[in-house]
Amino acid sequence: MTPSQGEPSRPDSHSRLRGARVLVTGASAGIGRSSARIFADRGAHLVLLARRLDRLRGLRDELRDRHGVDVRVFGLDVRDRTGVDDLVGKLASENLLPDVLINNAGLSRGLDPLHEGSVQDWEEMIDTNVKGLLYMSRAILPHMVEQDSGHVINVGSIAGHIVYPRGNVYNASKFAVRALTEGMNLDLAGTRVRVSTVDPGLVETEFSRVRFRGDDERAAEVYRGYTPLSPDDVADIIAYVAGTPPHVNIFQTVVYPTDQRSPYVLHRSSSNADEADT
Ligand code: NDP
Ligand code: 8X3
C-alpha cells in the first residue's frame, strides 16, 4: 500500500527535527557552525555555545532572519565546570533544555613527539575534548533520563580509531570520546536516550590554525593537493544521525574524504606517492 492509498507516510529525517531543541557546543566555527546552520534549516530551535560570543551573536541573527527559529547564544568555556552547571540550570529554568546535545567543542594543540610535548597543550586538549564533554553530558543527561528521551551526539575523530605519529594526546582524547560514547550507551540501557559519535577524517576548518597556533602556512599545507571534507559534509551526517527515528541508535559514523583512506593514506594530486601527513 502506498501513502496515497491511506497509509500514513513515514516522517523523513528532516521533518523529525522540526521544532526540536538542539544544543551545539563549539558553534562559533567549523563543524559546530555548519551544524547550527543545517539544524536551523530543518526547523530546529537552537542553543549555541562557544567562547567567542560575538561570532555566536552574528550566527544567531543570521539564522533567526533566514529560518525564523528560536536561537539562544551563550558564551561558555566547556572547561569551566561551574559555568557549565550554571548554564544548564539556567536552561532548565527557562525551558530550553535540549532534545539533542551535540558535544562538538574540541581542539588539538601541537604535533610533537610525546617526549617533547607541552604539558600545557595536553591539559588544554584533555580539559576540552574529554572533561568538557563530560561536564556537558553530566549536566544534561539526567534531564534526558528523567524525560526518557534525548540524543547525545559526540564529535569524535578517526584519531579515536587509529593512532598516528605525534598525535599522542589528541589521539588519546578522541579514543576517550569513543569509550565514553560506548560507556554512556551501556549505562543508558533501558532508557530511550541515545548516544552516537560522528568520527571524521580531515575536515577543512580552523582546526589546523588552532593546532599550529595561527601558523596559516602550515595549516594550509594540511589541506594541500586533495579535497578534504567540508564542515557542511560533517554537519549533514550529524543531522542525519539526529533525524533517525527514536528506536534507531547509530553508535558510530566514521567518515573520510575520498582522497584519504586512513591517517596513513592520503592521496595528494601533486604527489606520486601516498603520504602519512596529518
Ligand atoms: P574549529 O577550530 O573550526 O572549531 C572548534 C570549535 O570549538 C570552535 O567553535 C571553538 O569556539 C570551540 N571550542 C574550542 N575550545 C572550546 C572551549 N574550551 N569551550 C567552548 N568551545 C570551545 O574546529 P572543527 O570544527 O574542526 O572542530 C570541531 C570538532 O571536530 C572538534 O572536536 C575536533 O576535534 C573534531 N574534529 C575535527 C576534524 C578536522 O579535521 N577539522 C576531524 C575530526 C574531528 P571558541 O574558540 O569560540 O570557544
Ligand atoms: C582531526 C583529524 O587527522 O588531524 O581529528 O586527527 S586528524
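Read on for a plain summary of the structure.

We now examine helix 5 (residues 119-147). Between the first and last C-alpha of helix 5 there are 41 Å, a value that for 29 residues agrees with the 42 Å anticipated at 1.5 Å per step. Of all the bends in helix 5, the greatest, near 35°, is centred on K131. Backbone geometry just downstream of helix 5 places D148 in the positive-phi region, at approximately 55°.

The next thing to look at is the side chain of T253. Within the secondary structure, T253 is located in strand 7 (residues 252-255). We classify T253 as buried; its relative accessible area is 19%. Residues within four places of T253 in sequence aside, it is in contact with T197, V198, D199, I237 and V241.

On to the packing of aromatic side chains. Considering all chains together, one arrives at one aromatic pair under this definition. The ring of F175 is capped by R178, whose NZ or CZ atom sits 5.4 Å from the centre of that ring. Residue placement shows R211 over the ring face of Y170; its charged tip is 5.4 Å from the ring centre.

Two numbers describe how helix 5 lies on helix 6 (residues 168-187): the axes approach to 8 Å, and their chain directions differ by 15°. Taken together, the axis directions place helix 5 and helix 6 in an arrangement best described as roughly parallel. Handedness of the crossing formed by helix 5 with helix 6: right-handed. Facing helix 5, whose interface residues are W122, M125, I126, N129, V130, L133, L134, S137 and L141, helix 6 presents N168, V169, Y170, S173, K174, A176, V177, L180 and M184. When grouped by side-chain class, the residues that make up the contact of helix 5 with helix 6 number 13 nonpolar, four polar and one charged.

Within the largest apolar cluster, 33 residues are counted, with the highest numbers of intra-cluster contacts made by F39, L46, L48, I102 and I238. Those elements that place two or more of their residues in this core are strand 1 (21-25), helix 2 (30-41), strand 2 (45-50), helix 3 (53-67), strand 3 (71-75), strand 4 (100-103), strand 5 (150-155) and helix 9 (231-242). The contacts of L46, once residues within four sequence positions are left out, are R21, V22, A36, F39, A40, L63, D70, V71 and R72. One finds V47, L49, V177 and M184 within the second-largest nonpolar core, a separate group that totals 25 residues.

Two pairing modes exist for strands in a sheet, parallel and antiparallel, and in both the strands are linked by backbone hydrogen bonds. Strand order in the open sheet made by the seven strands is 3-2-1-4-5-6-7, with parallel pairing throughout. In the strand order of this sheet, the two ends are held by strand 3 and strand 7, each with one partner. Between one strand axis and the next, the sheet turns through 15° on average, direction left out of account. Direction of pairing for strand 4 relative to strand 5: parallel, over a ladder of four bridges. Each residue of the ladder has a partner; that of N103, found in strand 5, is N154.

How each quantity is defined
- Residues numbered from 1 in each chain as written.
- Chains lettered and ligands numbered in written order.
- Predicted model: local features only at pLDDT ≥ 70, side-chain atom pairs only at ≥ 80, totals over all residues.
- Heavy atoms only, no water.
- Helix = DSSP H or I, 4+ residues; strand = E, 2+ residues; numbered from the N terminus.
- Expected span 1.5 Å × (residues − 1).
- Bend = angle between axes of the 7 residues up to and from the residue.
- Buried < 20%, exposed > 50% of the residue type's maximum accessible area, 1.4 Å probe, protein only.
- Contact = heavy atoms within 4.5 Å.
- Phe/Tyr/Trp six-rings, centres within 6.5 Å; stacked < 30°, edge-to-face > 60°.
- Lys NZ or Arg CZ within 6 Å of the ring centre and 35° of its normal.
- Axes fitted to C-alpha atoms, helices over the stretch in contact; angles between N-to-C directions.
- Parallel < 35°, antiparallel > 145°, perpendicular 65-115°, else oblique.
- Left-handed = near helix turned anticlockwise from the far one by under 90°.
- Nonpolar A, V, L, I, M, F, W, Y, C, P; charged D, E, K, R; others polar.
- Core = buried A, V, L, I, M, F, W, Y, C linked by side-chain atoms within 4.5 Å.
- Pairing = 2+ DSSP bridges.

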